[in-house]
Amino acid sequence: MFASVDTRRFQRLATIARIRRFAKGQVIFRQGDECPGMFIVGRGLVRIFKVGRGGKEHVLHMIEPGNTFAEVAVIEGLRCPAHAEALEPTICALLPGEAFCELMDEDLVLCRELVHGMARWIKHLVSLLEDVMLRDAIGRVARYLLNAKSTADGSVKLPTLHRHLASHLNLTTETFSRSIRRLMDAGLIAKTGTHRVRLLNRPVLQQVADGKLDELPEN
């Protein structure tokens, strides 16, 4: 969201920011609440989800460090369109809505820089839609792993509850777990901890994500 914002304007945004800390499982806001502002995740993991009439939850987004949420509600002056919950101990910077909008009203260049960030976010949403419409289960999982933030050794941290990530990818928990196991059996990823996997072969994973392999290689 802020990748195109220049240093001086970024510092102005920082002056209005407030630090907010959330415990694992804590609800940050609920659908229909008045939107307090835009959140930027500094540490932890946040899921944005909706609840259907039958009580079934669907995860819309998994917000990792460096990413934002509630930005559209702030800019449009809307109430929170979904629920937000911290999946692990989380620290966020909150840009209060009124102060944030005042800065935008005063600075046309800042607005243009933020639009660039929003355009990248729209591109990401289109990519998610393509995943659901065009990719099979294992292709969606491979693409998620490739796009997720990784450590220096190529490890990716998965949410504690796989059902949240499965819902985000529009899969059942069983299908998600089965896809992870197939990628492990093919030697493309390896389990390095309770909720971590290491990407061993990115080029082939990319082929899986793009649907260019008729079958997985044998390990």
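Up top is the structure.
Here we summarise the structure given alongside this text.

The rules we used
- Residues numbered from 1 in each chain as written.
- Predicted model: local features only at pLDDT ≥ 70, side-chain atom pairs only at ≥ 80, totals over all residues.
- Heavy atoms only, no water.
- Core = buried A, V, L, I, M, F, W, Y, C linked by side-chain atoms within 4.5 Å.
- Buried < 20%, exposed > 50% of the residue type's maximum accessible area, 1.4 Å probe, protein only.
- Helix = DSSP H or I, 4+ residues; strand = E, 2+ residues; numbered from the N terminus.
- Contact = heavy atoms within 4.5 Å.
- Phe/Tyr/Trp six-rings, centres within 6.5 Å; stacked < 30°, edge-to-face > 60°.
- Lys NZ or Arg CZ within 6 Å of the ring centre and 35° of its normal.
- Pairing = 2+ DSSP bridges.
- Axes fitted to C-alpha atoms, helices over the stretch in contact; angles between N-to-C directions.
- Polar contact = N/O pair within 3.5 Å; in protein donor to acceptor, adjacent residues only side chain to side chain.

Thoughts on the nonpolar core
Of all hydrophobic cores here, the largest spans 33 residues; its most connected members are Phe2, Phe39, Phe69 and Phe100. Residue contributions to this core peak at four residues, all from strand β3 (residues 37-43). Excluding anything up to four places from it in sequence, phenylalanine 39 contacts Phe22, Ile28, Phe29, Asn67, Thr68, Phe69, Ala70, Cys92, Ala93 and Leu94.

Concerning the packing of aromatic side chains
Enumeration according to the criterion identifies five aromatic pairs in this entry. Judged by centre distance (6.2 Å) and plane angle (80 degrees), the rings of phenylalanine 2 and phenylalanine 10 are edge-to-face. Residue classification places phenylalanine 2 among the buried residues on the basis of a relative accessible area of 15%. An aromatic cluster is present here, built from Phe22, Phe29, Phe39 and Phe69 joined pairwise through their rings. Residue placement shows arginine 47 over the ring face of phenylalanine 49; its charged tip is 3.8 Å from the ring centre.

Considering the sheet that holds strand β7 (residues 83-86)
Sheet strands pair by backbone hydrogen bonding; their relative direction is either parallel or antiparallel. Spatially, the four strands line up as an open sheet ordered β2-β7-β4-β5, and their pairing is antiparallel. Each edge of the open sheet carries a strand with a single partner, namely β2 (27-29) and β5 (57-63). For this sheet the average axis-to-axis angle between neighbouring strands, irrespective of direction, equals 30 degrees. In terms of strand pairing, strand β4 (residues 46-51) meets β5 through six bridges, oriented antiparallel. When the sheet's bridge partners are listed, isoleucine 48 is paired in β5 with histidine 61.

Considering the sheet that holds strand β6 (residues 68-69)
Spatially, β1-β8-β3-β6 is the arrangement adopted by the four strands of the open sheet, whose pairing is antiparallel. Each end of this open sheet is capped by a strand with a single partner; those strands are β1 (18-22) and β6. Against the sheet, helix α1 (residues 7-16) engages β1 and β8 (90-96), with an angle of about 100 degrees to β8. The sheet strands contacting helix α3 (residues 97-106) are β3 and β8, and the helix crosses β8 at an angle near 55 degrees.

Focus on the side chain of serine 167
Here serine 167 is to be found in helix α6 (residues 162-168). The buried category is assigned to serine 167, whose relative accessible area is 13%. There is a polar contact of 2.8 Å between the side chain of serine 167 and the backbone nitrogen of valine 59. Contact partners of serine 167, with chain neighbours within four places excluded, come to Glu57, His58 and Val59.

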